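Structure at a glance
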Amino acid sequence: QVQLVESGGGLAQPGGSLRLSCAASGFAFSRYAMDWYRQAPGKECELVAAVTNADGSTNYADSVKGRFTISRDNAKNTVYLQIDSLKPEDTALYYCNARRGLGYVRPLCWGQGTQVTVSS
(Lines give C-alpha, C1' and ligand atoms only; values in the text may rest on other atoms or scores of the structure.)
Protein backbone atom coordinates (compact mmCIF):
# COMPACT_ATOMS: atom_id res chain seq x y z
CA GLN A 1 0.00 0.00 0.00
CA VAL A 2 1.43 3.32 -1.09
CA GLN A 3 1.72 5.87 1.69
CA LEU A 4 3.02 9.43 1.68
CA VAL A 5 2.90 11.16 5.06
CA GLU A 6 3.70 14.85 5.26
CA SER A 7 4.77 16.60 8.44
CA GLY A 8 6.59 19.66 9.72
CA GLY A 9 4.12 22.40 8.94
CA GLY A 10 2.94 24.99 11.42
CA LEU A 11 2.52 28.64 12.17
CA ALA A 12 5.50 30.83 11.38
CA GLN A 13 6.23 34.51 11.13
CA PRO A 14 7.18 36.22 7.89
CA GLY A 15 10.88 35.77 7.32
CA GLY A 16 10.95 32.57 9.31
CA SER A 17 11.74 29.02 8.27
CA LEU A 18 10.11 25.61 8.28
CA ARG A 19 11.29 22.19 7.22
CA LEU A 20 8.68 19.87 5.79
CA SER A 21 9.14 16.11 5.58
CA CYS A 22 7.38 13.44 3.57
CA ALA A 23 7.85 9.82 4.58
CA ALA A 24 7.16 7.33 1.80
CA SER A 25 6.40 3.63 1.88
CA GLY A 26 4.86 0.94 -0.27
CA PHE A 27 6.85 1.63 -3.45
CA ALA A 28 10.45 1.77 -4.66
CA PHE A 29 11.19 5.29 -3.48
CA SER A 30 14.62 5.58 -5.11
CA ARG A 31 13.10 4.94 -8.54
CA TYR A 32 10.69 7.85 -8.37
CA ALA A 33 11.08 11.57 -8.79
CA MET A 34 9.54 13.44 -5.88
CA ASP A 35 7.49 16.62 -6.02
CA TRP A 36 6.12 19.09 -3.51
CA TYR A 37 2.80 20.78 -4.31
CA ARG A 38 0.77 23.31 -2.41
CA GLN A 39 -2.82 24.51 -2.46
CA ALA A 40 -4.10 27.65 -0.84
CA PRO A 41 -7.82 28.17 -0.16
CA GLY A 42 -9.64 29.00 -3.37
CA LYS A 43 -6.55 28.46 -5.49
CA GLU A 44 -5.33 25.73 -7.78
CA CYS A 45 -2.88 23.03 -6.84
CA GLU A 46 0.61 24.36 -7.60
CA LEU A 47 3.89 22.51 -8.16
CA VAL A 48 6.57 24.26 -6.10
CA ALA A 49 9.57 21.93 -6.17
CA ALA A 50 10.78 18.71 -7.74
CA VAL A 51 13.79 16.42 -7.36
CA THR A 52 14.72 13.66 -9.76
CA ASN A 53 15.56 10.13 -8.78
CA ALA A 54 18.41 9.79 -11.28
CA ASP A 55 20.86 12.53 -10.33
CA GLY A 56 19.01 14.52 -7.68
CA SER A 57 18.63 17.56 -9.88
CA THR A 58 16.00 20.03 -8.74
CA ASN A 59 13.49 22.46 -10.18
CA TYR A 60 11.44 25.19 -8.54
CA ALA A 61 8.50 27.40 -9.30
CA ASP A 62 9.60 30.97 -9.96
CA SER A 63 7.67 32.14 -6.92
CA VAL A 64 9.83 30.09 -4.54
CA LYS A 65 13.26 30.09 -6.18
CA GLY A 66 15.99 31.05 -3.76
CA ARG A 67 13.76 30.40 -0.74
CA PHE A 68 12.75 26.73 -1.04
CA THR A 69 15.14 23.79 -1.13
CA ILE A 70 14.01 20.27 -1.93
CA SER A 71 16.16 17.29 -0.99
CA ARG A 72 15.77 13.57 -0.61
CA ASP A 73 17.25 10.79 1.50
CA ASN A 74 16.79 7.49 -0.29
CA ALA A 75 18.05 5.56 2.72
CA LYS A 76 15.17 6.96 4.78
CA ASN A 77 12.58 7.03 1.97
CA THR A 78 12.00 10.66 2.79
CA VAL A 79 11.83 13.90 0.85
CA TYR A 80 12.25 17.29 2.50
CA LEU A 81 11.29 20.84 1.71
CA GLN A 82 13.26 23.56 3.47
CA ILE A 83 11.35 26.82 3.36
CA ASP A 84 13.22 30.00 4.24
CA SER A 85 12.25 33.66 4.14
CA LEU A 86 8.61 32.72 4.54
CA LYS A 87 6.00 35.04 3.06
CA PRO A 88 2.29 35.26 3.84
CA GLU A 89 1.57 34.02 0.32
CA ASP A 90 3.30 30.74 1.21
CA THR A 91 0.31 29.91 3.40
CA ALA A 92 -1.17 26.70 2.01
CA LEU A 93 -1.54 22.97 2.50
CA TYR A 94 1.62 21.29 1.27
CA TYR A 95 1.60 17.83 -0.29
CA CYS A 96 4.28 15.55 -1.64
CA ASN A 97 3.90 13.11 -4.49
CA ALA A 98 5.98 10.51 -6.27
CA ARG A 99 6.29 10.58 -10.04
CA ARG A 100 7.54 8.04 -12.55
CA GLY A 101 7.22 8.93 -16.21
CA LEU A 102 3.88 10.69 -16.55
CA GLY A 103 2.25 8.91 -13.64
CA TYR A 104 1.90 9.76 -9.95
CA VAL A 105 1.30 7.38 -7.08
CA ARG A 106 -1.72 9.39 -5.91
CA PRO A 107 -3.81 12.34 -7.11
CA LEU A 108 -2.22 15.77 -6.90
CA CYS A 109 -2.87 17.77 -3.71
CA TRP A 110 -4.60 14.80 -2.20
CA GLY A 111 -4.15 13.29 1.24
CA GLN A 112 -3.52 14.79 4.65
CA GLY A 113 -0.87 17.30 3.61
CA THR A 114 0.78 19.57 6.14
CA GLN A 115 -0.50 23.08 6.80
CA VAL A 116 1.87 26.04 6.57
CA THR A 117 0.53 29.31 7.90
CA VAL A 118 2.62 32.46 7.70
CA SER A 119 1.36 35.30 9.80
CA SER A 120 2.65 37.90 12.20
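Data block above holds the structure.
About the thresholds
- Residues numbered from 1 in each chain as written.
- Predicted model: local features only at pLDDT ≥ 70, side-chain atom pairs only at ≥ 80, totals over all residues.
- Heavy atoms only, no water.
- Disulfide = S-S within 2.5 Å.
- Helix = DSSP H or I, 4+ residues; strand = E, 2+ residues; numbered from the N terminus.
- Buried < 20%, exposed > 50% of the residue type's maximum accessible area, 1.4 Å probe, protein only.
- Contact = heavy atoms within 4.5 Å.
- Pairing = 2+ DSSP bridges.
- Salt bridge = Lys/Arg side-chain N within 4 Å of Asp/Glu carboxyl O.

To continue, consider the state of the cysteines. This model, assessed by the stated rule, comprises two disulfides. Covalent S-S linkage joins Cys-22 and Cys-96, the inter-sulfur distance amounting to 1.9 Å. Every disulfide takes its handedness from the sign of the S-S torsion; for Cys-22 and Cys-96 that torsion is 45°, giving right-handed. Taken together, the residues span a long stretch of sequence, with Cys-22 in strand 3 (residues 18-25) and Cys-96 in strand 9 (residues 92-100) at a distance of 74 residues. Taking the relative accessible area as the measure of exposure, Cys-22 reaches 0% and is therefore buried. Cys-45 shares a disulfide with Cys-109; S-S distance 1.9 Å. Judged by the torsion about the S-S bond (80°), the Cys-45/Cys-109 disulfide is right-handed. Residue Cys-45 is located in the loop between strand 4 (33-39) and strand 5 (46-51), and its partner Cys-109 is located in the loop between strand 10 (103-104) and strand 11 (114-118); the two are separated by 64 residues in the primary sequence. Given the relative accessible area of 29%, Cys-45 is considered partly exposed.

Moving on to the environment of Tyr-60. Summarising the element assignment, Tyr-60 is placed in strand 6 (residues 58-60). For Tyr-60, a relative accessible area of 22% translates into the label partly exposed. With ten residues separating them along the chain, Tyr-60 and Ile-70 place their C-alpha atoms 8.6 Å apart. Once residues within four sequence positions are removed from consideration, Tyr-60 is found in contact with Val-48, Ala-49, Lys-65, Phe-68, Thr-69 and Ile-70.

On to the pairing of strand 4, then. Counting buried residues along strand 4, six of its seven residues qualify, which places the element largely inside the surrounding structure. Looking at chain direction, strand 4 and strand 9 are connected through seven bridges and run antiparallel. Bridge assignment links Trp-36 to a residue of strand 9, and that residue is Cys-96. Sheet topology places strand 4 next to strand 5; five bridges connect them, and they run antiparallel. The partner of Tyr-37 across the bridge, within strand 5, is Leu-47.

What follows is about the pattern of salt bridges. This structure, assessed with the given rule, holds six salt bridges. For Asp-35, the salt bridge goes to Arg-99, with nearest N and O atoms at 2.8 Å. Note that Asp-35 is positioned in strand 4 and Arg-99 in strand 9, a separation of 64 residues in sequence. Relative accessible area serves as the criterion here: at 1%, Asp-35 is assigned to the buried category. Judged by relative accessible area, Arg-99 falls into the partly exposed class, the value being 24%. Several salt bridges share partner residues, and in doing so they unite Arg-38, Glu-46, Arg-67 and Asp-90 into one network.

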